[in-house]
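So the chains spell out like this:
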Amino acid sequence: MMKTSKTKAISKPKKSSDEGKALKRKKVTTSKSSPSEDEIREKAREIYYERIARGEHGTSESDWHEAEELLKGS
């Protein structure tokens, strides 16, 4: 009688927490309440820094409106 060795299945490596961070900006809140002014301000600031890093032109007003739309889910 021959002994057979059992091999363990190799699992796929888990995705790192760094993956998907570029999409983080697109995340929309699921609550029905309106975002606070502070939440909009923080999102607008994030949009601003991403826009500047890409070398794109824009205004603080356009950043604010984009932040509102993203947070409200419009």
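Scroll up a little and you will see the structure.
Just so you know, these numbers come straight off a predicted model, no measurement behind them.

The rules behind each value
Residues numbered from 1 in each chain as written. Predicted model: local features only at pLDDT ≥ 70, side-chain atom pairs only at ≥ 80, totals over all residues. Heavy atoms only, no water. Helix = DSSP H or I, 4+ residues; strand = E, 2+ residues; numbered from the N terminus. Buried < 20%, exposed > 50% of the residue type's maximum accessible area, 1.4 Å probe, protein only. Areas by Shrake-Rupley, 256 points an atom, 1.4 Å probe, with all protein chains shown as cover. Core = buried A, V, L, I, M, F, W, Y, C linked by side-chain atoms within 4.5 Å. Contact = heavy atoms within 4.5 Å. Patch = residues over 30% accessible without salt bridge, like charges linked within 9 Å, V, L, I, M, F, W, Y side chains within 5 Å. Salt bridge = Lys/Arg side-chain N within 4 Å of Asp/Glu carboxyl O.

### Regarding the overall build of the chain
Point 1. Along its length, the chain carries two helices and zero strands.
Point 2. Counting across all 74 residues of the chain, residues that qualify as buried make up 15%.
Point 3. Accessible surface for the chain amounts to roughly 7000 Å². Of this, 54% is attributable to carbon and sulfur atoms.

### Some details on the nonpolar core
Point 1. Formed by Ile40, Ala44, Ile47, Ala67, Leu70 and Leu71, the largest nonpolar core amounts to six residues.
Point 2. Every element with two or more residues in this core is listed here: helix H1 (37–53) and helix H2 (60–72).

### Things to note about the side chain of Arg51
Point 1. Counting through the fold element by element, Arg51 comes out in helix H1.
Point 2. The residues touching Arg51, leaving out its near neighbours within four places in the chain, are Glu56, His57, Gly58, Thr59 and Asp63.

### Here we look at a nonpolar patch on the surface
Point 1. A grouping of Tyr48, Tyr49 and Ile52 is seen on the molecular surface, where their side chains present a nonpolar patch of about 320 Å² in accessible area.
Point 2. Positionally, Ile52 belongs in helix H1.
Point 3. Classification of Ile52 by relative accessible area gives partly exposed; the value is 43%.

### Digging into the pattern of salt bridges
Point 1. Considering all chains together, one arrives at six salt bridges under this definition.
Point 2. The partner of Arg41 in a salt bridge is Asp38, with the nearest N and O atoms 2.7 Å apart. Highlighted residues: Arg41 and Asp38, both in helix H1, separated by three residues, approximately one helical turn.
Point 3. Residue class for Arg41 comes out partly exposed when judged on its relative accessible area of 32%.
Point 4. Among the residues examined, Asp38 registers a relative accessible area of 54% and is labelled exposed.
Point 5. Measuring nitrogen to oxygen at the nearest pair gives 2.7 Å for the salt bridge that ties Arg51 to Asp63. On the criterion of sequence distance, the pair formed by Arg51 in helix H1 and Asp63 in helix H2 is long-range, its members being twelve residues apart. Just as Arg51 is buried, Asp63 falls in that class too.

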